[in-house]
Amino acid sequence: MDYDVVVVGAGPAGCLAAKYAAKNGAKTLIIEEHASIGSPVQCAGLLSTKAIDACEVRPDKGCHPITGAFVYAPDGRRICISGGEIKAYVVDRRLFDRTLAENALRSGAEILMRTRACGIATRGNRRILHVTIEGEPDVIEADVVIGADGIQSSIARWAGLGTFEKVLCGAQVNTVYDFDCYDCVELFPGSCAPGFFAWAIPYHESARIGLAVRPTVTPGSDPGPESISQSQSQSGSACWHLKRLLSDHRVVSRKCLSGMTGLVMGGIPIGVLQRTAADSVLITGDAAGHVKPTSGGGVYPGAVCAKIAGRVAADAIRDRDTSARRLYEYDRLWRAEIGRELAIGKRINEWMARLGDSGINRLIRVLDDDELLDLITRYGDMDYPSVVLRKLLMNTKSVGALLKLAPICLR
Ligand SMILES: Cc1cc2nc3c(=O)[nH]c(=O)nc-3n(C[C@H](O)[C@H](O)[C@H](O)COP(=O)(O)OP(=O)(O)OC[C@H]3O[C@@H](n4cnc5c(N)ncnc54)[C@H](O)[C@@H]3O)c2cc1C
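This one's a predicted model, so the numbers in the text were calculated from it and none came from an experiment.

Draft legend 1. Representation of the packing of helix 7 (residues 299-318) against helix 8 (residues 324-367) within the structure. Orientation of helix 7 relative to helix 8, taken along the N-to-C sense of each, is 165 degrees, at an axis distance of 8 Å. Taken together, the axis directions place helix 7 and helix 8 in an arrangement best described as roughly antiparallel. Here helix 7 runs over helix 8; the crossing is right-handed. Residues Pro 301, Val 304, Cys 305, Ile 308, Ala 309, Arg 311, Val 312, Ala 313, Asp 315 and Ala 316 of helix 7 touch helix 8, and the partners they reach there are Arg 326, Leu 327, Glu 329, Tyr 330, Leu 333, Trp 334, Glu 337, Ile 338 and Leu 342. Looking at the contact of helix 7 with helix 8, its residues break down into 14 nonpolar, no polar and five charged.

Right under this line is the structure:
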């Protein structure tokens, strides 16, 4: 088999990269190791309206609209950030990813399911992908391979593009929860989810309750021999915290019915790869760390970057130059588009992680003010948190309190 572009992974990033490569004239193939697109789900499905636009799909009646958020401090005080307009939708990622795959097909890309990339080699200025198709070994030749193969990207590793500084571990259950308002998500920063936060997200009549935590060994358990993989102990830690959230948290345990209808687990990369282009290889989406460090949301940044990857790959093939130097245009373009925002998000993530319960209590107490809540509602943007941060730093009421918290953040 011979293609201009082979995209590894049929998640949102892979489907959009393929769509843009095909639209720009490249003969494009997506390979996906699973038998069904969008499964297993590793997502809460909360997508900003901007993310849905970036994915070039229209929200249908299956999508659950979200207008705002309640943020709970560890001491129980809560603030409401809501302007009444739809800011986001909660989607079924299986259906969502399938729509993106169909859009890629409509643009001319092909898809091979149950096809797993097992290795990569170089022949001249082309790449040979060693794959198994339905378990049988085969090879696919391509001018450019786009690695959209998620957080554990083999393509990035094989191309020598490194890995992430930090990976948070996420765990989530689907269950029933007594929301005060079914248009609002509930967020719980603090020690219930060390290093990140917990969430309760409504989806029609049901709920997705989850959290992500910084990598640690399962609290209270023996770290065990070194042979226990780091990821096992990390997912154990997320599950341990999730169990405690559901059984002991002052708000969640009261509103959540016991029992669940589904469990989702997965890693969230924090920080982007230093390089996302090599000879005949581009890396995009979670595989490149295109994830907002403030929320763990990867669909929006992944979509923005994947479309650039698809276009640059097609252009480079047309110019008959798929060297790392030429493909580096992709790296430059996505960094110009969202690199700064992701870097600021990483800083915010680090500051929040250092605040501790008392710092978060103080922060929420300060923000619990009509003028500041109005400012957050007006300028808050799930995808660009730096905008509201700048506004808060320019506001006389909030800047003093934020500066008082600075020593803790900078510790
Ligand atoms: C608990 C949790 C909750 C989350 N909630 C949200 C949320 O609410 N909103 C949001 O925007 N983001 C959320 N995310 C992040 C989001 O799920 C990811 O950022 C997004 O799915 C990344 O898309 P992607 O296309 O880069 O990778 P993926 O969706 O991971 O797709 C990668 C694909 O590559 C395939 N693949 C991997 N290796 C190979 C191989 N060797 N050969 C062939 N195929 C391969 C995989 O099977 C997979 O289909 C959440 C993550 C977690 C863990």
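Draft legend 2. Empty space enclosed by the protein, seen in detail. What the rule picks out here adds up to one cavity of 30 Å³ or more. Each pocket or cavity is described by its volume, and for the largest cavity that value is around 30 Å³. Lining of the largest cavity is provided by Lys 292, Tyr 300, Pro 301, Ile 338, Glu 341, Leu 342, Asp 383 and Tyr 384. Breaking the lining of the largest cavity down by element, the ones donating at least two residues are helix 7 and helix 8. The element contributing the most residues to the lining of the largest cavity is helix 8, with three residues. For the lining of the largest cavity, the residue count by class is five nonpolar, no polar and three charged.

Draft legend 3. View of the side chain of Thr 115. Mapped onto the fold, Thr 115 is located in strand 9 (residues 115-123). A relative accessible area of 1% means that Thr 115 is categorised as buried. Reaching out from Thr 115, the side chain makes a polar contact with the backbone oxygen of Met 113 at a distance of 2.9 Å. Contact partners of Thr 115, with chain neighbours within four places excluded, come to Ile 31, Glu 32, Glu 33, Val 131, Thr 132 and Ile 133.

Draft legend 4. Local environment of the packing of helix 1 (residues 12-23) against helix 3 (residues 93-106). Direction vectors running N to C along helix 1 and helix 3 enclose 15 degrees, while the axes themselves pass 8 Å from each other. With respect to helix 3, the axis of helix 1 lies roughly parallel. Between helix 1 and helix 3 the crossing geometry is left-handed. Residues Pro 12, Cys 15, Ala 18 and Lys 19 of helix 1 lie in contact with helix 3, whose contacting residues are Arg 93, Asp 97, Leu 100, Ala 101, Asn 103 and Ala 104.

Draft legend 5. Highlighting the domain arrangement of the protein. Each assigned domain of the protein is listed here: domain 1 (2-342) and domain 2 (343-410). On a C-alpha basis, the centroid separation for the pair domain 1 and domain 2 is 26 Å. Opposite the 37 residues of domain 1 that make contact, domain 2 presents 25 residues. Note on domain 1 versus domain 2: buried area summed over both sides is about 2,700 Å², and carbon and sulfur give 54% of it. When the buried area of domain 1 at its contact with domain 2 is split by residue, Arg 77, Ile 79 and Glu 341 rank highest and sum to 23% of it.

Draft legend 6. Just the site of the ligand, in detail. The local shell around the ligand holds 32 residues, among which Glu 32, His 34, Ala 44, Leu 46 and Asp 286 are the closest. At 3.3 Å from an oxygen atom of the ligand is found a main-chain nitrogen or oxygen belonging to Gly 45. Within the backbone of Leu 46, an N or O atom sits 2.9 Å from an oxygen atom of the ligand. Considered on its own, the ligand offers 1,000 Å² of accessible surface; in the complex 89% of this is hidden by protein. When contributions to the shell around the ligand are tallied by element, the ones reaching two or more residues are helix 1, strand 3 (46-48), strand 9 and strand 16 (262-270). Partitioning the shell around the ligand into residue classes produces 13 nonpolar, 13 polar and six charged.

Draft legend 7. Local environment of the nonpolar core. Grouped together as the largest cluster of nonpolar side chains are 51 residues, with contacts concentrated most on Val 5, Cys 55, Phe 96, Val 144, Ile 146, Leu 282 and Tyr 330. Of all elements in the fold, only strand 1 (2-8), helix 1, helix 2 (49-54), helix 3, strand 11 (136-147), helix 7 and helix 8 reach the threshold of two or more residues within this core. What Val 144 contacts, discounting residues up to four positions off in sequence, is Asp 4, Val 5, Val 6, Ser 280, Leu 282, Ala 313, Ile 317, Thr 322 and Leu 327. Counting 24 residues, the second-largest nonpolar core is a separate cluster that includes Val 6, Ala 117, Val 131 and Ala 159.

Draft legend 8. Fine view of the sheet that holds strand 4 (residues 64-66). Read from one edge of the open sheet, three strands run 3-7-4, paired in antiparallel fashion. Each having just a single partner strand, strand 3 and strand 4 make up the two edges of the open sheet. Strand-to-strand, the axes of this sheet are offset by a mean angle of 30 degrees, without reference to chain direction. Where strand 4 meets strand 7 (residues 88-90), three bridges bridge the pair, whose relative direction is antiparallel. Bridge pairing links Pro 65 to Tyr 89 in strand 7.

Draft legend 9. Structural detail: the packing of aromatic side chains. Within this structure, the stated rule accounts for six aromatic pairs. Ring geometry for Phe 197 against Trp 199: centres 6.0 Å apart, planes inclined by 70 degrees, an arrangement best described as edge-to-face. Neither Phe 197 nor Trp 199 differs from the other in exposure class; each is buried. Where Tyr 300 meets Tyr 384, the ring centres are 5.9 Å apart and the plane angle is 75 degrees; that geometry is what we call edge-to-face. Of this pair, Tyr 300 sits in helix 7 while Tyr 384 sits in the loop between helix 9 (370-379) and helix 10 (385-394), and the two are 84 residues apart along the sequence. For Tyr 300, a relative accessible area of 9% gives the class buried. Through successive ring pairs, a cluster of aromatic residues spans Tyr 177, Phe 179 and Tyr 182. Taking NZ or CZ as reference, Arg 208 lies 4.2 Å from the ring centre of Tyr 203, over its face. We note Lys 391 situated over the ring of Tyr 379; from NZ or CZ to the ring centre the distance is 4.4 Å.

Definitions and limits used
Residues numbered from 1 in each chain as written. Predicted model: local features only at pLDDT ≥ 70, side-chain atom pairs only at ≥ 80, totals over all residues. Heavy atoms only, no water. Axes fitted to C-alpha atoms, helices over the stretch in contact; angles between N-to-C directions. Helix = DSSP H or I, 4+ residues; strand = E, 2+ residues; numbered from the N terminus. Parallel < 35°, antiparallel > 145°, perpendicular 65-115°, else oblique. Left-handed = near helix turned anticlockwise from the far one by under 90°. Contact = heavy atoms within 4.5 Å. Nonpolar A, V, L, I, M, F, W, Y, C, P; charged D, E, K, R; others polar. 1 Å grid on protein atoms, 1.4 Å probe; cavity = no way out; pocket = protein on both sides within 12 Å on 5 of 7 lines; lining within 4 Å. Points joined across faces, edges and corners; volume = space filled by probe spheres on them. Buried < 20%, exposed > 50% of the residue type's maximum accessible area, 1.4 Å probe, protein only. Polar contact = N/O pair within 3.5 Å; in protein donor to acceptor, adjacent residues only side chain to side chain. Domains from an automatic or database assignment. Buried area = accessible area lost by both parts, 1.4 Å probe. Near = heavy atom within 4 Å. Areas by Shrake-Rupley, 256 points an atom, 1.4 Å probe, with all protein chains shown as cover. Core = buried A, V, L, I, M, F, W, Y, C linked by side-chain atoms within 4.5 Å. Pairing = 2+ DSSP bridges. Phe/Tyr/Trp six-rings, centres within 6.5 Å; stacked < 30°, edge-to-face > 60°. Lys NZ or Arg CZ within 6 Å of the ring centre and 35° of its normal.

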